[in-house]
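Summary of structural features
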Amino acid sequence: MVRTEHPLLSPSLGSGKHLVSFTFGDPQASPKVYIQASLHAEELPGMLVAHHLRALLESAEAAGLMKGHVVLVPAANPIGLNQRLDHKPMGRFELDTGENFNRHYPDLAEAVWADLQPMLVEDGARNVSTVRALTAKWLRAWQPATELQSLRRQLLLLAHDADLVLDLHCDWEAVLHLYAEEACWPPLEPLARLLGVQAVLLARNSGGGPFDECLSGQWWQLAERIAAAGLDLPLPQGCASTTIELRGETDVDHAHASADAAALMAFLLHAGAVQGTPPALPPLPCQPTPLAGSETLHAPVPGVVAYRVRPGDRLAVGDPVADVIDPTAAGASRVHTVRAGVAGVLYARVSGRYAVAGGELGKIAGEHAFRTGPLLGA
Ligand SMILES: [Zn+2]
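On a predicted model such as this, the values are computed, not experimentally measured, just so you know.

Turning next to the packing of aromatic side chains. Counting across every chain of the model gives three aromatic pairs. When the centroid spacing of 5.4 Å and the interplanar angle of 80° are considered together, the rings of tyrosine 105 and phenylalanine 211 count as edge-to-face. On the criterion of sequence distance, the pair formed by tyrosine 105 in the loop between β6 (88-89) and α3 (108-116) and phenylalanine 211 in helix α7 (residues 211-228) is long-range, its members being 106 residues apart. On the basis of relative accessibility, which here comes to 7%, the residue tyrosine 105 falls in the buried class. Aromatic side chains tryptophan 138 and tryptophan 142 sit 5.7 Å apart centroid to centroid with 45° between the ring planes, which places their arrangement in the tilted category. We classify tryptophan 142 as buried; its relative accessible area is 18%.

So this is what it looks like as structure tokens:
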């Protein structure tokens, strides 16, 4: 194992942060799996999973079982980890710019396309290597102007050439679920089984430039550009990436984290990154649903929220989800019941129990796509 400290751009005199990565196995070996935790810095279940996974990887490496190589970044956002306001963590948005730490990643297809086009050949594997080399060149040439840009660049430098990328997040209160692009689903299906996810939300470019889609989107978008240019040349999907939502913010305990780390390790065996007999795959607990079919429920009025259902509950259209109560209302209509507009599992709900008008209450994984435009929340 190699532990590396990557300095970030210093934003101010006398101030400097760094990112820490751990590399297991030969950096030239494949497959490469990149795993990071807590890019949204107050989302801590993944950080504890990384701690448990690190011990498993250390044992595997000591036993000579690393076939491919794994890069693990247990605390992917040192900027957000250091932001607090009113004694509360503020790890989702950078306070200086208001930017979400998991948005605004660059368009890597656009970044390499002009250079790639004349270099394409009829060998798909060679084209994958060329894309990775051009991406590395582009990232190295990127001169970040801010600390936040330097964090994005460093994370991409560590992850851009990975075959598999696992980005560990969590929701407010939630059951285990994951987001991925459609092109990534086949190689990720065993992971969904091993983790026992209760919802899989698939999209094709959700919008906003999240980390996972920056890495997976590059490949299918380049394949589309190749076809649009009239070139009959192969480019396989070089990276399958996913955002894994490890339940809710307070689900940070050894029992969950050690089980999740064991599931990730089993996936590494399945993927051929670690040598050994992979465990039998359990059944897939849920079928994937389109992210465009996920309904976000909103409070119609401000008030105190009393939930009628829990994350993991399966709902039919019209089922009551929460009462939003305005105890100051003059008339009789003090209770506003918010109901499911689609059928499916309630996979997440907010942790606050006071809603402002229009505030988010929860999310239901519906089977049928109905939304258009940017699909991710703030
Ligand atoms: Zn997150």
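Still more to cover.
Pairing between the strands of a sheet comes from backbone hydrogen bonds, and it takes one of two forms, parallel or antiparallel. With antiparallel pairing, the four strands of this open sheet are ordered in space as β17-β16-β14-β19. One side of each edge strand has no neighbouring strand; the edge strands of this open sheet are β17 (335-339) and β19 (354-355).

So, about unusual backbone geometry. The omega torsion across serine 30 and proline 31 is 5°, close enough to zero to call that bond cis. The phi angle at aspartate 86 is positive, at roughly 55°, despite the residue not being glycine. Considering the arrangement of structural elements, one finds aspartate 86 in the loop between β5 (84-85) and β6. Notably, histidine 87 is not glycine yet its phi reads approximately 65°, a positive angle.

Moving on, we get to the pairing of strand β16 (residues 320-325). Examined bridge by bridge, strand β14 (residues 303-307) and β16 share four bridges and lie antiparallel to one another. Across the sheet, alanine 306 pairs through a bridge with aspartate 323, a residue of β16. In this sheet, β17 lies alongside β16 in antiparallel orientation, the contact comprising five bridges. Counted as the bridge partner of proline 320 is arginine 339 from β17.

Reading the values: the criteria
Residues numbered from 1 in each chain as written. Predicted model: local features only at pLDDT ≥ 70, side-chain atom pairs only at ≥ 80, totals over all residues. Heavy atoms only, no water. Phe/Tyr/Trp six-rings, centres within 6.5 Å; stacked < 30°, edge-to-face > 60°. Helix = DSSP H or I, 4+ residues; strand = E, 2+ residues; numbered from the N terminus. Buried < 20%, exposed > 50% of the residue type's maximum accessible area, 1.4 Å probe, protein only. Pairing = 2+ DSSP bridges.

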